[in-house]
Amino acid sequence: MATYSRLPGSVALITLHNPPVNALSAAVRQGIVDAVQRALKDPKVTSVVICGQNGKFCGGADIREFAGPMLGPPLVPMIHAIEAVDKPVAAAIEGVALGGGLELALACHYRIAHSKAVLGLPEVTLGLLPGAGGSQRLPRLIGLTAALDLITTGRHVSAAEALKLGVLDQVTDSNAVDLAVEFVRSVAGQPLDSRRLSTLPCPCPPDVDSLLDKVMSKVRQRSRGALAPVACVRALRAAASLPYAQGMEKERELMATLFNSGQARALQYAFFSQRVVGKWSLPSGARWDNSTARIISKAAVIGLGTMGRGIVVALALTGISVVAVETQEKQLAEASRVVPAMLQREAGRRRLATPPGVISFSSNLQDVSEVELVIEAVFEDMSLKLQVFKHLSSVCRPGTLLCSNTSGLDIDQLAAVTQSPGLVVGMHFFAPAHVMKLLEVVYGPRSSPEAVATAMQLGKRMGKVGVAVGNCPGFVGNRMLKPYLEQANFLLEEGATPRQVDEALEEFGFPMGVFRMSDLSGLDVGWRIRKEAGLTGPGVESTRTRQGRRYSPLPDQMCEAGRLGQKTGKGWYQYDGPGGRVARSDPWVHIFLETYRAEHGLVARSITLEEILERCLYALINEGFNILQDAVAAGPEDIDAIYVFGYGWPRHRGGPMFHADQVGLGRILQRLNQHSHPDVPHLKPSTLLRRLVAAGSPPVQKWREFINKERVHSQL
Ligand SMILES: CCCCCCC/C=C/C(=O)SCCNC(=O)CCNC(=O)[C@H](O)C(C)(C)COP(=O)(O)OP(=O)(O)OC[C@H]1O[C@@H](n2cnc3c(N)ncnc32)[C@H](O)[C@@H]1OP(=O)(O)O
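Residues numbered from 1 in each chain as written. Predicted model: local features only at pLDDT ≥ 70, side-chain atom pairs only at ≥ 80, totals over all residues. Heavy atoms only, no water.

Visitor: How would you explain the overall build of the protein if you had to name every residue and give the values?
Guide: Within the protein, the regular secondary structure consists of 28 helices and 19 strands. Its C-alpha atoms give the protein a radius of gyration of 28 Å, near enough to 27 Å, the size a compact globule of 716 residues would have. For the protein, the residues scored as buried account for 56% of the 716 residues in total. When contacts within the protein are restricted to residue pairs at least 6 apart in sequence, those whose partners lie at least 24 apart make up 72%. As presented, the protein carries roughly 29,700 Å² of accessible surface, and 54% of it is formed by carbon and sulfur atoms. The positive charge centre, built from 77 side chains, and the negative charge centre, built from 66, are 3 Å apart in the protein. (Helix = DSSP H or I, 4+ residues; strand = E, 2+ residues; numbered from the N terminus. Rg over C-alpha atoms; globule rule 2.2 N^0.38 Å. Buried < 20%, exposed > 50% of the residue type's maximum accessible area, 1.4 Å probe, protein only. Contact = heavy atoms within 4.5 Å. Areas by Shrake-Rupley, 256 points an atom, 1.4 Å probe, with all protein chains shown as cover. Lys, Arg positive; Asp, Glu negative; His and termini not counted. Charge placed at Lys NZ, Arg CZ, Asp CG, Glu CD.)

Visitor: Report on the domain arrangement of the protein, specifying residues and quantitative values.
Guide: By the assigned domains, the protein splits into domain 1 (2–259), domain 2 (298–473), domain 3 (496–599) and domain 4 (609–712). On a C-alpha basis, the centroid separation for the pair domain 2 and domain 4 is 32 Å. Roughly 840 Å² is buried in total at the junction of domain 2 and domain 4, and carbon and sulfur atoms are behind 72% of that figure. On the domain 2 side of the contact with domain 4, Leu-438, Val-465 and Val-467 bury the most area, a combined 39% of that side's loss. (Domains from an automatic or database assignment. Buried area = accessible area lost by both parts, 1.4 Å probe.)

Visitor: Describe the packing of helix H23 (residues 609–629) against helix H27 (residues 687–694), with residues and values.
Guide: For the pair H23 and H27, interaxial distance at closest approach is 7 Å and the crossing angle is 90°. The orientation of H23 relative to H27 falls into the category roughly perpendicular. Residue-level contacts link Asn-622, Phe-625, Leu-628 and Gln-629 of H23 to Thr-687, Leu-688, Leu-689 and Leu-692 of H27. By residue class, the composition of the contact of H23 with H27 is five nonpolar, three polar and no charged. (Axes fitted to C-alpha atoms, helices over the stretch in contact; angles between N-to-C directions. Parallel < 35°, antiparallel > 145°, perpendicular 65-115°, else oblique. Nonpolar A, V, L, I, M, F, W, Y, C, P; charged D, E, K, R; others polar.)

Visitor: Could you give an account of the pairing of strand S15 (residues 424–429), naming the residues involved and the relevant values?
Guide: Put simply, side chains in a regular strand alternate between the two faces of the sheet. Judged by how many residues are buried, S15 sits mostly within the fold: six of six residues are covered. Here S15 shows a buried face lined by Val-424, Gly-426 and His-428 and a second buried face lined by Val-425, Met-427 and Phe-429. Sheet topology note: the strand S14 (residues 401–404)/S15 ladder contains three bridges and is parallel. By the bridge assignment for S15, Cys-403 is matched with Val-425. Viewed along the sheet, the connection from S14 through helix H15 (residues 411–416) into S15 turns out right-handed. Taken together, the four bridges between S15 and strand S16 (residues 438–443) define a ladder with antiparallel strand orientation. (Pairing = 2+ DSSP bridges. Right-handed = clockwise from strand over helix to strand, strands pointing away.)

Visitor: Report on the packing of helix H17 (residues 477–494) against helix H19 (residues 514–521), specifying residues and quantitative values.
Guide: Running from amino to carboxyl end, H17 crosses H19 at an angle of 110°, the nearest separation of the two axes being 10 Å. Classed by the angle they form, the pair H17 and H19 counts as roughly perpendicular. Between H17 and H19 lies a crossing of left-handed hand. When H17 is examined against H19, the residues Tyr-484, Leu-485, Ala-488, Asn-489 and Leu-492 are found in contact with a partner set consisting of Val-514, Phe-515 and Ser-518. Split into classes, the residues belonging to the contact of H17 with H19 amount to six nonpolar, two polar and no charged. (Left-handed = near helix turned anticlockwise from the far one by under 90°.)

Visitor: With reference to specific residues and values, describe the site of the ligand.
Guide: Taken together, 22 residues lie around the ligand, and Gly-59, Ala-61, Gly-100, Arg-275 and Lys-279 are the ones closest in. At a separation of 2.9 Å, a nitrogen atom of the ligand approaches a polar backbone atom of Gly-59. Here an oxygen atom of the ligand and a backbone polar atom of Ala-61 are 2.8 Å apart. Broken down by secondary-structure element, the contributors of at least two residues to the shell around the ligand are helix H3 (100–107) and helix H11 (262–276). Tallying contributions element by element places H11 first for the shell around the ligand, with three residues. (Near = heavy atom within 4 Å. Polar contact = N/O pair within 3.5 Å; in protein donor to acceptor, adjacent residues only side chain to side chain.)

Visitor: Outline the sheet that holds strand S5 (residues 96–98), supporting the account with residue identities and numerical values.
Guide: Pairing is mixed across the open sheet formed by three strands, whose spatial order is S5-S7-S8. The sheet is open, and its two edges are formed by S5 and strand S8 (157–158), each paired on a single side. Pairing geometry for strand S7 (residues 118–120) and S8, over two bridges, is antiparallel. The residue of S8 that forms the bridge with Val-118 is Ser-158. H3 contacts S5 and S7 of the sheet and is inclined by roughly 90° relative to S5.

Visitor: Give me the lowdown on the nonpolar core, citing residues and values where you can.
Guide: Of all hydrophobic cores here, the largest spans 100 residues; its most connected members are Val-368, Val-501, Phe-625 and Trp-703. Examining the composition of this core, we find that 11 residues originate from one element, H23, more than from any other. Beyond its immediate sequence surroundings of up to four residues, Phe-625 is in contact with Met-657, Ala-660, Leu-665, Ser-686, Leu-688, Leu-689, Leu-692 and Trp-703. In this structure, Tyr-4, Leu-119, Leu-138 and Ala-162 belong to the second largest nonpolar core, which totals 73 residues. (Core = buried A, V, L, I, M, F, W, Y, C linked by side-chain atoms within 4.5 Å.)

Visitor: I'd love a proper account of the UniProt feature "domain: 3-hydroxyacyl-CoA dehydrogenase C-terminal" (unreviewed entry) in the protein, names of residues and values included.
Guide: Under the local residue numbering, the UniProt record ascribes the feature "domain: 3-hydroxyacyl-CoA dehydrogenase C-terminal" (unreviewed entry) to residues 474–575 and 612–706. Split by type, residues 612–706 is 63% helix and 0% strand. Its first and last C-alpha atoms lie 31 Å apart. (UniProt positions renumbered as here; feature names shortened; annotations may be inferred.)

Visitor: Hey, could you go over the sheet that holds strand S13 (residues 373–376) for me, with residue numbers and the actual values?
Guide: In space, the eight strands of this open sheet follow the order S12-S11-S10-S13-S14-S15-S16-S17, with mixed pairing throughout. Each edge of the open sheet carries a strand with a single partner, namely strand S12 (359–362) and strand S17 (465–470). Averaged over all adjacent pairs, the angle separating strand axes in this sheet is 25°, with direction ignored. Bridging between strand S10 (residues 298–302) and S13 involves four bridges; their strand directions are parallel. Looking at the pairing, Ala-299 lines up with Leu-373 of S13. Lying over the sheet, helix H13 (residues 329–349) contacts strand S11 (321–325) and S12, oriented at roughly 170° with respect to S12. Contacts from helix H16 (residues 449–461) reach S13, S14, S15, S16 and S17 within the one sheet, and its direction differs from that of S16 by about 175°.

What follows is the structure, given as structure tokens:
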């Protein structure tokens, strides 16, 4: 709702009340409409201030309402009515003015903010555009170029930047509401025409068409297949070329298309998934709200390879003191040179001051004795990690949390060699660790709630999306990746080319197809893991069935030929020398595949784009169902957040489990059955999938409840 009060000196104060972010729910909109009417009718009122309760102006339209029928007064006429008021109206912005919240402020005649406020039009990230007049008013206020940037990226800006851009009239370090009240009193009675943004022309650069074309091609490239950024550019083209009323008509048309698109639903689901995963729970009953996290101020990182360096930077950026340990002198020297530069670059990118002197480098493991938390990031080798954990357990003071950055090794085994297994968890970062948002926090049966809570809290401080997952080979992300990669290799055996497979996946929305991705990360990473698992290497027969399953030796043979990917200049593609980035099809690979097929008596067939997507994606999704069934992930949102934030799953497709829901569980089951083969267990439909289909395919939001019920009745 919104409350109305009249302050001394003829100022009406309208306060939005809808905790926690004062979103514009039907009740709030009704409250605003009523309060504006009162202010208009009251002859003693000469000016109006709109603010939000509890130091938050407004977080925008109420996203939860988008799923149902729109009730209450519509936003657009409400906002028009505010702009039309013939008494000066000021928005007093504290905390946030986002989306519809900023659009409300743009309808006010003046905007005054606290210096810590954050403003933005992030609708594009929810699959929408600023559809309450924002796409037409903002460019009229700050010019087309700046509006294109803010609206197509959805980025939040500080009050200082908003002031510079011209979004705000004044910024204060003290009380923004008091200042706004004082301000509107001082301008009461002055003409308002020039303050009504809808009446102003849109300032445009002379080459407006070329600017719009450039931005359009940039957004198309950046967000492959996403509708909202394209619609945002179209709405801004209308702002630049049409009178306001026609621009609004265009905004309404574009919004209607977006609003009913699957992409908007997917992006809104992704918004809430990100918040759901923060409310973690473990099978033991420990939860985010009944477990206490320790506040870490001193940490250590062991191993300064690529991952370790990124983790050091991520920790240092939060202001934590880091002891960075590397026992190999050459690697240590390089890290001591490179890490401070990485820190400075990343701080600059985030517009932060570089935290001074928080990192100390050492080659001695004894130097970690005083820290509160250690993250081990040594080579992915179990015997080495066991050695490190044993050592850490004796060196660190009692109570120190010991974390491993392993990407899939057994956390319980590591915990077992320490004196306090309850204080051991996995913290699986993704490269580059200081940039990538995902953090898998891996708990074992002995991990204490405090250890999980601390790792999750630390992830949050580092700006990560932490997802608590159970311990199993590959955890969630890499476990699901395995059948996906496997199907991609089988497709090559059957007649596809790396480019064909990659194009299908990139068309779907992945920034990179599976083979380009393998070339980037290095083919030897998987080779090493397969060797450790006894799947390849000296003495292993070169057949297409290993350990009782269909197996493709293609990637092993690529490595044996020295084709390790971008770093060697050759992999599934060829590059302009080692480290090259532009992938070109390589005739060598085509001959290699033909020879391989001939050797194994395989006849290449033509494979459709649909089959590529079904085989790769449904195999991955099926493993997702197995993961839910095994309680390694608490719900589909956890899996989806992992894939969106760590594996390049297109956000506008919500995540693999959301996608399964959209495609239809019955169809996924039917296609898995069709592609299924006795020696490819990954394609055998999971019991959970079968049970969901048998239960009438409930929507993804109901799966958690369904799984819990099935578990109680021992059906899973
Ligand atoms: C044809 C129809 C025409 C309609 C025109 C519509 C045009 C306008 C569209 C919009 O305004 S879309 C919404 C735009 N706003 C946003 O995208 C902001 C989203 N929120 C945030 O970015 C953050 O929540 C925050 C405001 C920066 C606060 O961050 P903080 O970390 O402090 O808290 P959170 O954990 O993120 O959120 C707390 C709590 O609040 C819920 N929530 C936040 N924003 C909204 C919202 N706009 N609507 C509904 N609920 C919201 C969030 O889900 C959390 O709730 P719980 O998950 O804890 O229950």
